[in-house]
Amino acid sequence: MTFAFFNEGETIIFDPTREEEEIMDGRITVAMNIYRDLCYLQKPGGAPLSADVILRLVDVCSLKAAEITKVIREAIEANSKKVMSLRMNEYLLKAFAPPPDEAMQTESSIISDFESCLLYTSDAADDLLCVDLGGRRIIKKK
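First, a word on what this report is: a plain description of the structure on this page.

### Considerations on the overall build of the protein
So, point 1. Counting secondary structure elements, the protein contains three helices and six strands.
So, point 2. Taken over 142 residues, the protein has a buried fraction of 17%.
So, point 3. Taking the intrachain contacts of the protein between residues at least 6 apart in sequence as the baseline, contacts between residues at least 24 apart amount to 33%.
So, point 4. Summing over all exposed atoms, the protein offers an accessible surface of approximately 11300 Å²; the carbon and sulfur share of this is 57%.

Following this line, the structure appears as structure tokens:
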């Protein structure tokens, strides 16, 4: 996270715009993870900042890192639920739709829309070359 400072450190702005960066007295960039580990700190010249000010900025950064991480995790979870719902709806529509006209859609094009997934059932036990043991397919040696 970048902070710009003005008036020799009297005014500090979080996430400055391009225009603010053009007139700032200096900047400090801080990177932290969710565990409050300081991963990176850079202050390339500019007006001096006291250690107290830098420590306050690190505290602000740790709060922002937690907020941003929470927003990102919530967005990922919401997107995952949405994607799974869309995939399930797509699957159900294709699974229970009347047989498609061969010119419009083939079985291989339906299969290519989905990730590979193998499901072994007790039918595998009827096969002479394998036995189903609790969902695991064991191949018999000849």
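### Some details on unusual backbone geometry
So, point 1. Phi at E8 is positive, roughly 55 degrees, even though this residue is not glycine.
So, point 2. Along the chain, E8 falls in the loop between strand 1 (2-6) and strand 2 (11-14).
So, point 3. The backbone of D15 shows a phi angle near 55 degrees, a positive value even though the residue is not glycine.
So, point 4. Here D15 is to be found in the loop between strand 2 and helix 1 (18-23).
So, point 5. Taking relative accessible area as the criterion, D15 reaches 53% and is therefore assigned exposed.

### Quick word on the nonpolar core
So, point 1. Counting 12 residues, the largest nonpolar core is built from F3, F5, I28, V30, M32, A47, L49, V53, L57, V58, C61 and A65.
So, point 2. Taken together, the elements giving at least two residues each to this core come down to strand 1, strand 3 (26-32) and helix 2 (51-95).
So, point 3. For this core, the element with the highest residue contribution is helix 2, accounting for five residues.
So, point 4. Ignoring anything within four residues of it in the chain, the contact list for L57 reads F3, I12, I28 and L49.

### Quick notes on the environment of E67
So, point 1. Within the element layout of this structure, E67 appears in helix 2.
So, point 2. The exposure class of E67 is partly exposed, given its relative accessible area of 46%.
So, point 3. C-alpha separation for the pair E67 and I34, spaced 33 residues apart in sequence, amounts to 9.0 Å.

### Comments concerning the pairing of strand 2
So, point 1. Here four bridges tie strand 1 to strand 2, and the two strands are oriented antiparallel to one another. By the bridge assignment for strand 2, F3 is matched with F14.
So, point 2. Taking the residues between adjacent antiparallel strands as the criterion, strand 1 and strand 2 are bridged by four residues, where N7 takes a positive phi near 50 degrees.

### Digging into the sheet that holds strand 2
Within a sheet, neighbouring strands are paired by backbone hydrogen bonds and run either parallel or antiparallel to one another.
So, point 1. With antiparallel pairing, the four strands of this open sheet are ordered in space as 2-1-3-4. Taken across any chain shown, the strands that pair with only one partner, and hence form the sheet edges, are strand 2 and strand 4 (38-42). Averaged over all neighbouring strand pairs, the angle between strand axes comes to 20 degrees, with direction disregarded.
So, point 2. Packing of helix 2 onto the sheet brings it into contact with strand 1, strand 2, strand 3 and strand 4, and relative to strand 3 it is tilted by some 45 degrees.

Each value, and the rule that gives it
Residues numbered from 1 in each chain as written. Predicted model: local features only at pLDDT ≥ 70, side-chain atom pairs only at ≥ 80, totals over all residues. Heavy atoms only, no water. Helix = DSSP H or I, 4+ residues; strand = E, 2+ residues; numbered from the N terminus. Buried < 20%, exposed > 50% of the residue type's maximum accessible area, 1.4 Å probe, protein only. Contact = heavy atoms within 4.5 Å. Areas by Shrake-Rupley, 256 points an atom, 1.4 Å probe, with all protein chains shown as cover. Core = buried A, V, L, I, M, F, W, Y, C linked by side-chain atoms within 4.5 Å. Pairing = 2+ DSSP bridges. Axes fitted to C-alpha atoms, helices over the stretch in contact; angles between N-to-C directions.

Geometric descriptors of this kind do not, in isolation, establish any biological role.
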